[in-house]
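The primary structure of each chain is shown beneath.
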2 protein chains.
Amino acid sequence: MHLTKGFEQAACIVAMLATQEKGIPVSSGVINATLGGSATYLHKIMRKLVVGGLINSVSGNSGGFTLAKEPAEINLLEVYHATEGPVDTFPDNGFFKRAFKDFASLATEADAAITNVFHQADSRWAAYIGSMTVQDILWETFKVQEIPLVDWNEIVQEQQNKN
Amino acid sequence: MHLTKGFEQAACIVAMLATQEKGIPVSSGVINATLGGSATYLHKIMRKLVVGGLINSVSGNSGGFTLAKEPAEINLLEVYHATEGPVDTFPDNGFFKRAFKDFASLATEADAAITNVFHQADSRWAAYIGSMTVQDILWETFKVQEIPLVDWNEIVQEQQNKN
DNA sequence: GAATTCGTACTCGGATAGTGCTTGTCCGAGTCCAGCCGG
DNA sequence: CCGGCTGGACTCGGACAAGCACTATCCGAGTACGAATTC
């Protein structure tokens, strides 16, 4: 039971955009240079985040992506939903229904029992993830209330000038 | 983030063995006839459960598998561990470390922050799963304290005689 | 000053690896049972 | 008649390899926007 690599990238992207100076979009090229990996796969992730309402895209020259909401208003569950869909760990293939179908006709009850357990467990998982905002993560990282802002475009540019 | 099909089968197998009359092993052939699916894949699952100490195997004629512990002493987390390994949803591919490596050298802190969040969420998920025993599931199913026992071997035999 | 061209950046679709789950096949090892054999 | 041996039948155990689904990656064409160019 692993989250996808794409989710980790998505979370990282949101964290980057949260430390980006207000009003300046970060291009996907800059994000790709920072994170590494596939540029085109990154585009798919960005698209999901846009559709999910977490980030905005700006077309045209010196365009890119900006955070759609305040870091305090974005939690990790939203990132999860945007990239991976609903939280549903138990794949009901109907094994219980099939096994207990001739057992006092309790197939439905058995299936409901196990399904409910995992539904409850998922709720607890999702609730915790949902209580953690991007701001919380950054506070934990920087140890200060004031999150420092930078322009990632410049950082990448400086990097590339060195080489 | 889905559990594997194999896990659902494993849980179902344990439930079957928990309703099996004491002392009589259930053969893998009978289990396969009840659950359907691949017989060979079933063997692998059974093996994992044996290695995990959840069930015992009996060789020889009229052999099979029996529950190694009381239903009240087997929880779903054990089934999970036996079939899927440790609970670890967040795949740390080091994107955070890479992204924040030139950001006030807080790469480790950022990585630890996000990793910790998911570790906490996983703990809550695992704790709930771990608090649910096979007995609880069966109580929920049968609505009675006394779990009815049957001999699955006979049930399958009767089924096959019909056809 | 208005239309055209051009470059940058996002958008979309499909094609191609890579990984892990699922399934199938084969042979070996352990156990039980029935029947044979010798006493 | 009785005990032990022996072969067959049944079961689990483990090593391979093939199929499949999903993730991840790559490639190319299309669209929108702003800026420079041109008339």
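Structure's up top.
What comes next concerns the included structure. (Residues numbered from 1 in each chain as written. Chains lettered and ligands numbered in written order. Predicted model: local features only at pLDDT ≥ 70, side-chain atom pairs only at ≥ 80, totals over all residues. Heavy atoms only, no water.)

### Some points on the overall build of chain A
Counting its regular elements, chain A contains 8 helices and 2 strands. What you see in chain A, going N to C, is helices and strands ordered as α-α-α-β-β-α-α-α-α-α. Since a compact globule built from 163 residues should have a radius of gyration of about 15 Å, the 21 Å found for chain A marks it as more spread out than a globular shape. Each principal axis of the C-alpha atoms in chain A carries an extent, and together these give about 75 × 35 × 25 Å. Sorting the 163 residues of chain A into buried and exposed places 51% on the buried side. In chain A, the proportion of contacts linking residues at least 24 apart, taken out of those at least 6 apart, comes to 67%. (Helix = DSSP H or I, 4+ residues; strand = E, 2+ residues; numbered from the N terminus. Rg over C-alpha atoms; globule rule 2.2 N^0.38 Å. Buried < 20%, exposed > 50% of the residue type's maximum accessible area, 1.4 Å probe, protein only. Contact = heavy atoms within 4.5 Å.)

### A few points about the protein's contact with DNA strand D
As a matter of local geometry, DNA strand D sits amid 17 residues, with K5, T40 and Y41 of chain A together with S28 and R47 of chain B nearest to it. Sugar and phosphate atoms form 72% of the subset of DNA strand D atoms that lie within 4 Å of the protein. Between a phosphate oxygen of DNA strand D and a side-chain N or O atom of S28 of chain B, the distance comes to 2.8 Å. One nitrogen or oxygen atom from the side chain of K44 of chain B is found 3.4 Å from a base nitrogen belonging to DNA strand D. Mapped onto the surface near DNA strand D, the elements with two or more residues apiece are helix 1 (5-18) and helix 3 (39-51) of chain A together with helix 3 (39-51), strand 1 (55-58) and strand 2 (64-67) of chain B. With 3 residues, the top contributor of residues to the surface near DNA strand D is helix 3 of chain A. (Near = heavy atom within 4 Å. Polar contact = N/O pair within 3.5 Å; in protein donor to acceptor, adjacent residues only side chain to side chain.)

### As for the interface of chain A and chain B
Frequently, the measure chosen for interface size is the accessible area that the parts lose on association. If you look at the interface, chain A gives 58 residues, while chain B gives 59 residues. With both chains or domains summed, chain A and chain B bury close to 5600 Å², and 75% of this area falls on carbon and sulfur atoms. Interface area lost by chain A to chain B is led by M1, E8 and F95 of chain A, which between them contribute 16%. Inspection of the region where chain A meets chain B yields 0 salt bridges. Our enumeration of links across chain A and chain B arrives at 14 residue pairs in polar contact (both at pLDDT 80 or more). Contributing elements (two or more residues each) for the side of chain A that touches chain B: helix 1, helix 2 (28-35), helix 4 (76-84), helix 5 (95-99), helix 6 (107-131), helix 7 (134-142) and helix 8 (152-162) of chain A. Among the elements that make up the side of chain A that touches chain B, the one with the highest residue count is helix 6 of chain A (13 residues). Here the side of chain A that touches chain B is composed, by residue class, of 34 nonpolar, 12 polar and 12 charged. (Buried area = accessible area lost by both parts, 1.4 Å probe. Salt bridge = Lys/Arg side-chain N within 4 Å of Asp/Glu carboxyl O. Nonpolar A, V, L, I, M, F, W, Y, C, P; charged D, E, K, R; others polar.)

### A word on the relation of the copies chain A and chain B
Its rotation angle being 180 degrees, the transformation that places chain A on chain B also includes 0.0 Å of axial translation and leaves an RMSD of 0.1 Å. The symmetry that links the two subunits is that of a two-fold axis. Looking at the interface residues of chain A, 100% of them are also at the interface in chain B, so both copies use one shared face. (Least-squares fit on C-alpha atoms with pLDDT ≥ 70 in both.)

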